[in-house]
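# A look at the structure
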Amino acid sequence: AQRVTQPEKLLSVFKGAPVELKCNYSYSGSPELFWYVQYSRQRLQLLLRHISRESIKGFTADLNKGETSFHLKKPFAQEEDSAMYYCALRRSGATNKLIFGTGTLLAVQP
Amino acid sequence: GAGVSQSPSNKVTEKGKDVELRCDPISGHTALYWYRQSLGQGLEFLIYFQGNSAPDKSGLPSDRFSAERTGGSVSTLTIQRTQQEDSAVYLCASSLGQGGFEKLFFGSGTQLSVL
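Because the structure is predicted, anything quoted here is derived from the model rather than measured.

### Some thoughts on the environment of Thr82 of chain B
All names here are of chain B.
- With respect to the helices and strands, the residue Thr82 is situated in the loop between strand E7 (75–79) and strand E8 (88–95).
- The spacing of Thr82 and Glu14 is 68 residues in sequence and 7.5 Å in space, taken between C-alpha atoms.
- For Thr82, the residues in contact, after removing those within four places along its chain, are Thr13, Glu14, Lys15, Gly16, Lys17, Val19, Arg64 and Val114.
- In this structure the side chain of Thr82 is engaged in a polar contact, spanning 3.3 Å, whose partner is the backbone oxygen of Glu14.

### Structural notes on the interface of chain A and chain B
- Contacts between chain A and chain B engage 17 residues on the former and 21 residues on the latter.
- At the boundary of chain A with chain B, total buried surface from both sides reaches about 1,700 Å², with 58% on carbon and sulfur atoms.
- On the chain A side of the interface with chain B, the three residues burying the most area are Arg43, Asn96 and Lys97 of chain A, jointly 36% of the side's total.
- Inspection of the region where chain A meets chain B yields 1 salt bridge.
- For the salt bridge of Asp56 of chain B with Lys97 of chain A, the shortest nitrogen-to-oxygen distance reads 3.0 Å.
- The tally of links between chain A and chain B comes to 7 residue pairs in polar contact (both at pLDDT 80 or more).
- Contributing elements (two or more residues each) for the side of chain A that touches chain B: strand E5 (31–38), strand E6 (45–49) and strand E9 (83–91) of chain A.
- Here the side of chain A that touches chain B takes 4 residues from E5 of chain A, the largest share from any one element.

### Overview of the state of the cysteines
- Following the criterion strictly, the structure yields 2 disulfides over all chains and no others.
- Two residues, Cys23 of chain A and Cys87 of chain A, share a disulfide whose sulfurs are 2.0 Å apart. An S-S torsion of about -65° defines the bridge between Cys23 of chain A and Cys87 of chain A as left-handed. On the criterion of sequence distance, the pair formed by Cys23 of chain A in the loop between strand E3 (19–21) and strand E4 (24–26) and Cys87 of chain A in strand E9 is long-range, its members being 64 residues apart. Just as Cys23 of chain A is buried, Cys87 of chain A falls in that class too.
- Here Cys23 of chain B pairs with Cys92 of chain B through a disulfide, and the sulfurs are 1.9 Å apart. Here the S-S torsion is close to -65°, and the disulfide linking Cys23 of chain B with Cys92 of chain B is therefore left-handed. Placement of the pair is Cys23 of chain B in strand E3 (residues 19–24) and Cys92 of chain B in strand E8, with a sequence separation of 69 residues. We note that Cys23 of chain B, like Cys92 of chain B, is buried.

What counts, and where the lines are drawn
- Residues numbered from 1 in each chain as written.
- Chains lettered and ligands numbered in written order.
- Predicted model: local features only at pLDDT ≥ 70, side-chain atom pairs only at ≥ 80, totals over all residues.
- Heavy atoms only, no water.
- Helix = DSSP H or I, 4+ residues; strand = E, 2+ residues; numbered from the N terminus.
- Contact = heavy atoms within 4.5 Å.
- Polar contact = N/O pair within 3.5 Å; in protein donor to acceptor, adjacent residues only side chain to side chain.
- Buried area = accessible area lost by both parts, 1.4 Å probe.
- Salt bridge = Lys/Arg side-chain N within 4 Å of Asp/Glu carboxyl O.
- Disulfide = S-S within 2.5 Å.
- Buried < 20%, exposed > 50% of the residue type's maximum accessible area, 1.4 Å probe, protein only.

This is the structure:
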């Protein structure tokens, strides 16, 4: 079965510090990985997907199939990055049903 | 607005009562998903509807949970004989349903509290 693991429930950093939100997955096939974000009092929304290989709001994430990881990184955290971040997996070629991790709350201190 | 709409936004009920949660997807979206968001559990998949196909119910936690989608649009999630562990935010999402990757658009959720 597919599984997404986010080991940190809370990550607290200071403004300007680097950020890495960890995500590991288990899936025997070739997955598609995503990061979704929920800012305070806003709806859950897509941040980025691994296939796009893009940087959104300064965040990047690289799929490492050897380590089955998809960690989210940003070199310099901003206070407005404070939010709940969810890593999600979609089986390639399947429906758009996503399997989510338990989420990591990122708190960027001034 | 043109987003996914959920009602009610908050629901407080007594243990043992039945509740119905409603989701209006974005117009034209044929795929609809229900998730449950709770502390420590993250986002749990509940059920997925795609057009006229049989729904994927693999995430429903017990037979007290059911959902239907009428006319391919509005969906209702019903929880019978609610228990305290059912307390959570229930999120609905929709997507185009045309195949391949599609971004999910989420509603603002229904906060369910079972006393």
